[in-house]
Each structure stands twice: as structure tokens, then as C-alpha cells.
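# Analysis of the macromolecular model
Here is how the chains run, residue by residue.
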Amino acid sequence: MFRPKRRLMLAAGAALFLASAGVNAQAPAVAPGLANVVILATGGTIAGTGASSTTTVGYTAATVGVQSLIKAVPELAKVANVTGEQVFQIASENMSNEHWLTLAKRVNVLLAQPNVDGIVITHGTDTLEETAYFLDLVVKSRKPVVLVGAMRPSTALSADGPINLYNSVLLAASPEAVGKGVLVAMNDQIQAAREVTKTNTSTLDSFRTPELGMLGYIQGSKPFFYRQSTRKHTVDTEFDISSVISLPMVEIVYGYANVGPVAVDAFVAAGAKGIIHAGVGDGSLAAKVVPALKAARQKGAIVVRASRVGQGILARNGEANDDELDFVAADTLNPQKARILLMLALTKTSSTREIQRMFYTY
Ligand code: DAS
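Residues numbered from 1 in each chain as written. Predicted model: local features only at pLDDT ≥ 70, side-chain atom pairs only at ≥ 80, totals over all residues. Heavy atoms only, no water.

### Points about the site of the ligand
Filter applied, for reference: Whether a residue is near a molecule or strand is decided by its heavy atoms; if any one of them lies within 4 Å of it, the residue is near. Polar contact is the term for a pair of N or O atoms within 3.5 Å; when the atoms are in protein, one must be able to donate a hydrogen and the other to accept it, and sequence-neighboring residues count only if both atoms are side-chain atoms. Using a 1.4 Å probe, the Shrake-Rupley method yields the accessible areas, and only the shown protein chains count as cover for residues. Asp, Glu, Lys and Arg are counted as charged, while Ala, Val, Leu, Ile, Met, Phe, Trp, Tyr, Cys and Pro are counted as nonpolar; the rest, among them Gly, fall into the polar class.
Residues in contact with the ligand, as listed here, are G44, T45, Y59, A91, S92, E93, G124, T125 and D126. Residue T45 places a main-chain N or O atom 2.7 Å away from an oxygen atom belonging to the ligand. At a separation of 2.8 Å, an oxygen atom of the ligand approaches a polar backbone atom of D126. Contact with the protein chains removes 91% of the 260 Å² of surface that the ligand exposes when unbound. Partitioned by chemical class, the residues of the shell around the ligand number two nonpolar, five polar and two charged.

### Quick look at the sheet that holds strand β5 (residues 183-186)
Our working definition: Strands are labelled as partners when DSSP assigns at least two bridges between them. Numbered from the N terminus, helices here are DSSP runs of H or I no shorter than four residues, and strands are runs of E no shorter than two. Between N-to-C directions, angles span 0 to 180 degrees; the directions come from axes that are lines fitted to C-alpha atoms, helices contributing only their stretch in contact.
Taking strand neighbours across the sheet as the criterion, the eight strands line up as β2-β1-β3-β4-β5-β6-β9-β10 in an open arrangement whose pairing is mixed. This sheet does not close on itself; its edge strands, each paired only once, are β2 (81-90) and β10 (222-225). Averaged over neighbouring strand pairs, the angle between their axes works out to 25 degrees when direction is ignored. Inspection of the sheet shows strand β4 (residues 145-148) paired to β5 by two bridges, in the parallel sense.

### Re helix α5 (residues 128-138)
Keep this limit in mind: Relative accessible area decides the class of each residue, using a 1.4 Å probe on protein chains only: under 20% of the type maximum gives buried, over 50% gives exposed, and in between gives partly exposed.
Within α5, 11 of the 11 residues are buried, leaving the element largely enclosed by the surrounding structure. Among all positions in α5, only L128, E129, E130, T131, A132, Y133, F134, L135, D136, L137 and V138 are buried.

### Concerning the nonpolar core
Quick note on the threshold: In these notes, a set of buried Ala, Val, Leu, Ile, Met, Phe, Trp, Tyr and Cys residues joined through side-chain atoms within 4.5 Å is what counts as a nonpolar core.
Ranked by internal contacts, the top residues of the largest apolar core, which has 88 residues, are F134, L135 and F359. If you look at the next biggest cluster of nonpolar residues, it comprises 17 residues, including V268, V290, L293 and A320.

### Regarding the packing of helix α7 (residues 262-269) against helix α8 (residues 290-298)
Going by this rule: For classification purposes, angles smaller than 35 degrees are called roughly parallel, those larger than 145 roughly antiparallel, those between 65 and 115 roughly perpendicular, and all remaining angles oblique. Each crossing gets its hand from how the near helix is turned against the far one by less than a right angle, where anticlockwise is left-handed and clockwise is right-handed. Two residues form a contact once any of their heavy atoms are found within 4.5 Å.
Where α7 meets α8, the axes come as close as 8 Å, and the angle between the chain directions of the two elements is 15 degrees. Relative to α8, α7 is oriented roughly parallel. α7 and α8 meet at a crossing whose hand is left-handed. Touching V264, D265 and V268 of α7 are A292, L293 and A296, all from α8. When grouped by side-chain class, the residues that make up the contact of α7 with α8 number five nonpolar, no polar and one charged.

### Brief notes about the pattern of salt bridges
In plain terms, the rule: When a carboxyl oxygen of Asp or Glu lies within 4 Å of a side-chain nitrogen of Lys or Arg, that pair is called a salt bridge.
Applying the stated rule across the entire model yields 11 salt bridges. For the salt bridge of R194 with D331, the shortest nitrogen-to-oxygen distance reads 3.4 Å. Note that R194 is positioned in the loop between β6 (189-192) and β7 (197-198) and D331 in the loop between β14 (328-329) and α10 (335-345), a separation of 137 residues in sequence. You can call D331 buried: its relative accessible area is 7%. Here the salt bridges do not stand alone but share partners, grouping R194, E195, R231 and D331 into one network.

### A few points about the environment of S68
Within the secondary structure, S68 is located in helix α2 (residues 66-71). Put simply, S68 and A47 are 21 residues apart on the chain and 9.0 Å apart in space, counted from C-alpha to C-alpha.

### A look at helix α11 (residues 352-361)
Looking at α11, one finds that the buried residues are T352, I355, Q356, M358, F359 and T361. Where α11 is buried, its residues contact α8, β13 (302-307), β14 and α10.

### Thoughts on the packing of aromatic side chains
For any pair of aromatic rings, geometry is given as the distance between the ring centres together with the angle between the planes. Stated formally: What counts as a ring pair is set by centres within 6.5 Å for rings of Phe, Tyr and Trp (its six-membered ring), and what kind of pair is set by the plane angle: stacked under 30 degrees, edge-to-face over 60, tilted for all other angles.
This structure, assessed with the given rule, holds three aromatic pairs. Considering the side-chain rings of W100 and F134, the 5.3 Å spacing of their centres and the 20 degrees angle between planes classify their relative orientation as stacked. Residue W100 is found in helix α4 (residues 97-111), and its partner F134 is found in helix α5; the two are separated by 34 residues along the sequence. Here W100 and F134 have matching classes, each one buried. Between F239 and Y362, the ring centres sit 5.1 Å apart and the planes meet at 55 degrees, which makes this aromatic pair tilted. Of this pair, F239 sits in the loop between β10 and β11 (250-254) while Y362 sits in the segment after α11, and the two are 123 residues apart along the sequence. On the basis of relative accessibility, which here comes to 3%, the residue Y362 falls in the buried class.

### Focus: unusual backbone geometry
Phi is positive for S158, which is not a glycine, with a value near 50 degrees. The residue N317 is not glycine, and still its phi comes out positive at about 60 degrees. Tracing the backbone through its elements, the reader meets N317 in the loop between β13 and α9 (322-325).

### Topic: the confidence of the model for the protein chain
Cut-off, in case you're wondering: pLDDT measures how confident the predictor is about each residue, on a scale from 0 to 100.
Scored by pLDDT, the protein chain comes out at a mean of 92, with 92% of its residues at no less than 70. Considering only residues more than four positions removed or in separate chains, one finds that residues 10-28, a stretch of pLDDT under 50, has 24 contacts.

### Quick look at the sheet that holds β14
Across the sheet, which stays open at both edges, the four strands sit in the order β11-β12-β13-β14 with parallel pairing between neighbours. What marks the edges here is a single partner per strand, and that holds for β11 and β14. Bridge analysis of β11 against strand β12 (residues 274-279) gives five bridges, and the strand direction is parallel. Across the sheet, the residue bridging to V253 is H277, located in β12. Relative to the sheet, α8 contacts β12 and β13, its axis offset from that of β13 by approximately 140 degrees. Of the strands in this sheet, β11, β12 and β13 touch α10, which is tilted by about 160 degrees from β12.

Okay, here's the thing in C-alpha cells:
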């Protein structure tokens, strides 16, 4: 992005400024001409260890530190000037709203620095798609942010972490990734944060965008983009979490044969400001659940109709009269991502009309 000499001066100047400001800015060892990429490590299988090289399930996630992850892939130095920060060390099933706010604020501080050209976030695969979408909505930079995980622990035969990390760093260092929104790089594929989802409990090809399609490939140390998301993201969103200290409570209820109202009632009693209904089919509402959802709405909670199916458009006024019920339709977001958008929407408005606009925009 900048000419090497200017980059060198910028890097030195920025590091000096930030050091004097007491900001934790590890000035990267700068190789002229290479982009500066910061790896923010949060844990997960990519940092996991197993009892033996054939242990691919039943291992311990979040044990290997970021510097060890970087040292294990010396080839990183050929594609970027890399520095690392250990933001958390957790299995991602334990990721929380508070973790997301801390991570997003750190990303925005780093990307505002002229000596940072891109960020890679190493993350557990279980909630990787959620963190990616949250960041897609709140990162305020066009610089690349790439999330990466692994389906096998670092100690396994043919562990996928090292090549996934290498691909993610080269993607975060590439001009092609600028302005594309938050990306996920796994299994030599480039996915968009909004649509990617984990589709298999253990295989290397688990991260997919089943119908709308991945954005491209990484091959021979180069990224190849073939499409990009049509939905707004990063600098084009209306969400700003810089002064947000907590996110509204939004919970998900699951639809299935013989479902009853207990879960909805319990979440509302616990103070939920939003309910995502992961319904069967096109978001159908079982007759036994409708009164509880209506009561939730009357108490001020926002109800979003999503689908457990995983693909397709959740049609407004399709399986339920959303206009009459004053509910919101999730469009193509899966329930866990609809929860994220509703949480952020509730930091801006409680108008269902405005929230429905947001579900058609992001
Ligand atoms: N428990 C899983 C997680 O941290 C391990 C992994 O797949 O990364 O998401």
C-alpha cells in the first residue's frame, strides 16, 4: 500500500509515537516491501495439542501460544512482517459478547495504526463464523481482517493449522483482500464472514458457503477472488462499538416437532431483549409457541424469525404474518448470525421497521 521507504519511516514513526503513548505496539521486524500483519491469537484447535500424532479428536484446545504458532511456520516471514498478540487463550465454545467487544476494539486500534496493514485472528472453529460476522459489522477499516482455525490440533499428522495460518497471513497481506470485508481462510478457500458456516464436526473441508458460494481460493501462495459479498460491511455499517461496554441479551430458541413455549417464556423472564426463533422449514411457528412469542413482543422483546434449515431466504410474511405480529424476518442469516445482527441493531434502535431494514442491508 505504501512505498517501502515511506512505509519504513511510517513504521518507525508510528512505533515511536505509540511507544511514547504507552500503547502496546510491537513494532514488527520490517522487511521493506512486505506488509505488516498482526496475528491476534484467541485459542482453539489451531493452538491445540493431542496425546499423540494420531489424536484428531479428544485433544486439548487452546494450549499453544501465539509466538509458538508463528515460530512453527517460518515461511510466514516470506509473505509478511508478522507480530503476534495473545488476546485470549480459550476454546471458542466459551467465546462471549465481552470477548467480542475486547477483540473488536483491539482490531480497530491496530488497524488505525499506519504500521499495520492487516490482521489475522486465530480462533477455535466452533464459533469462528460468529466472531467473523460480528467483526464484519463493527471493524472500521478497509484493511484485511482474516479469521483462521484448524480442524486438527497442532500435534496431529497432517495438521491443517500451519498451512491455514500461512494462507491467512498472505491473504491479510494482499491488496486483493482490501475492502472485501472480514474473511475466513480455511482449507485453501476464501470465505465471506456473512455466509460461511461450519458444516462438519471434524473434516478439513468443514467451512463452506453451501449455496451462495465461497469468494475464491488461495493457491501457490496467491489469493484468487471470483466474487464478493453484496451486503454492506466494515466501514459501511452504522454500528460503532467503540463506547459499547455490553451487548443486549439476545437468545435463540429452536423449532422442532412437539416444541412448546417454555424456552421462550424462560428467556423473556430472564430479561432477553431479543429472541431468535430458529424455526422448522421457512421459519414456521408451532401454534403452541405463538402466544409466548406474542407475549415476548408485547413485553418489548424483538422477535426475529430465522430457520434451522441453514440455506435459503426466510421470507417476511411467508409462514407467519410478520406485519401483524410485528416480527422481523432473518433473510438468509442463520440463527447464530441473526442473533449477532439483532444485538448490534438493538444498540441503535428498537424499531422493528428499522431492524428489518438492517436485516436486508447487512
Ligand atoms: N473446541 C473447538 C473450538 O475451540 C476446537 C476447535 O475446533 O477449534 O472451537
